[in-house]
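Architecture and fold: a report
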Amino acid sequence: MVPLHWYMVLSVVVFAIGVFGFLSRRNIIIMFMSIELMLNAVNINLISMSHYLQDLRGQILAFFVIAVAAAEAAIGLAIVIALFRNKATAHVDEMKEMQG
Amino acid sequence: MIQQLFFAYFAVAITVFSLLVVTRKNPVHSVMWMLLLFFHIASLYLFLNAEFMAAIQIIVYAGGILVLFLFAVLLVNIKDEMKISKFIGAAPTGFTFAVGLLVVVIMSIRSFVAAPPGIYSIEVIKQQTHTKALGMLLYTEFLYPFEVASLILLVAIIGAIVLAKRRLKG
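Predicted model, so just to flag it, every value in this text is computed and none were measured. (Residues numbered from 1 in each chain as written. Chains lettered and ligands numbered in written order. Predicted model: local features only at pLDDT ≥ 70, side-chain atom pairs only at ≥ 80, totals over all residues.)

Digging into the overall build of chain B
Within chain B, the regular secondary structure consists of eight helices and zero strands. When the elements of chain B are put in sequence order from the N terminus, they spell out α-α-α-α-α-α-α-α. Taken over C-alpha atoms, the radius of gyration comes to 21 Å for chain B, far larger than the 15 Å a tight globule of 170 residues would show. Put simply, chain B has 170 residues, and 21% of those count as buried. Summarising the internal contacts of chain B: among those between residues at least 6 apart in sequence, 55% fall at separations of at least 24. (Helix = DSSP H or I, 4+ residues; strand = E, 2+ residues; numbered from the N terminus. Rg over C-alpha atoms; globule rule 2.2 N^0.38 Å. Buried ≥ 20, exposed ≤ 12 C-beta atoms within 10 Å, placed from the backbone. Contact = placed C-beta atoms within 7 Å.)

Spelled out as structure tokens, the structure:
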């Protein structure tokens with residue numbers, strides 16, 4: 001029997017890789033993929049807990065996370081296309097109109 | 001023993017593929033590694049007796065979201081992409097932040113205390129079948145959140161069209 005802690009550690013590792021990718025990549029599409037990575041890490045955690053605690057609510061929460069991830073991908077890529085139309089670049093460091 | 005070996009394979013594969021996703025220079029390669037990553041995560045769900053979630057993972061992520069990503073990647077000029085650095089200047093900060101998060105959360109996992117187990121043991125799910133058990137819960141106890149989720153998807157469809165459509169002349 002695999003202990004629950006192993007799944008939690010795996011989930012944290014994938015989440016940290018997603019955080020790293022989101023904070024340090026130049027390409028905005030890879031940044032969105034890092035967000036998907038983080039959502040998948042959360043799903044691994046939810047489903048493993050649902051299995052070990054013998055309660056299906058975790059899987060239902062993971063189901064909603066997947067639905068929100070699909071909506072987020074559609075909206076995010078629409079924003080990327082709108083950015084492309086105005087700036088013709090996918091690099092986040094070239095978007096500095098708001099002086100951030 | 002065999003279970004630990006299987007888990008070790010999936011854990012190593014998932015970690016390596018996620019690292020490859022965030023470090024490849026060519027975005028198309030990133031998407032392809034992500035496809036492999038999603039299949040391994042789906043196998044991990046099968047390993048956890050969640051076959052419906054494994055199917056959803058492949059249908060929605062590998063079949064829907066990744067195709068969307070591939071369409072968006074085709075906008076990028078790959079030749080320009082290969083010439084410049086893939087990380088922004090603040091990459092060390094991001095790395096430090098991610099490592100700090102990893103260490104802090106792994107330290108806090110040790111103090112995790114599991115709740116008492118619920119009623120959906122493996123025998124109950126085996127008797128009811130997993131999809132039926134999940135559907136019964138989703139359409140009774142979680143009916144209202146389910147409807148809200150459908151509203152979120154509707155908003156996403158309309159929002160994506162409004163954001164991506166060309167401005168009308170005049």
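Here the narrative resumes.
Here we look at the interface of chain B and chain A
It is common to give the size of an interface as the accessible area lost on bringing the parts into contact. Listed by partner, the interface residues are 67 residues for chain B and 61 residues for chain A. Only helix 1 (2-23), helix 2 (27-47), helix 3 (51-73), helix 5 (91-109), helix 7 (130-140) and helix 8 (143-164) of chain B provide two or more residues apiece to the side of chain B that touches chain A. If you tally residues by element for the side of chain B that touches chain A, the top one is helix 5 of chain B, at eleven residues. Residue composition of the side of chain B that touches chain A, grouped by class: 52 nonpolar, 13 polar and two charged. (Nonpolar A, V, L, I, M, F, W, Y, C, P; charged D, E, K, R; others polar.)

Focus on the domain arrangement of chain B
Residues and elements named next belong to chain B. Here chain B is described as being made up of domain 1 (1-78) and domain 2 (119-170). Spacing between the C-alpha centres of domain 1 and domain 2 amounts to 21 Å. Contact with domain 1, which involves four residues of that partner, is made by five residues of domain 2. Class assignment for the residues of the side of domain 1 that touches domain 2 results in two nonpolar, one polar and one charged. (Domains from an automatic or database assignment.)

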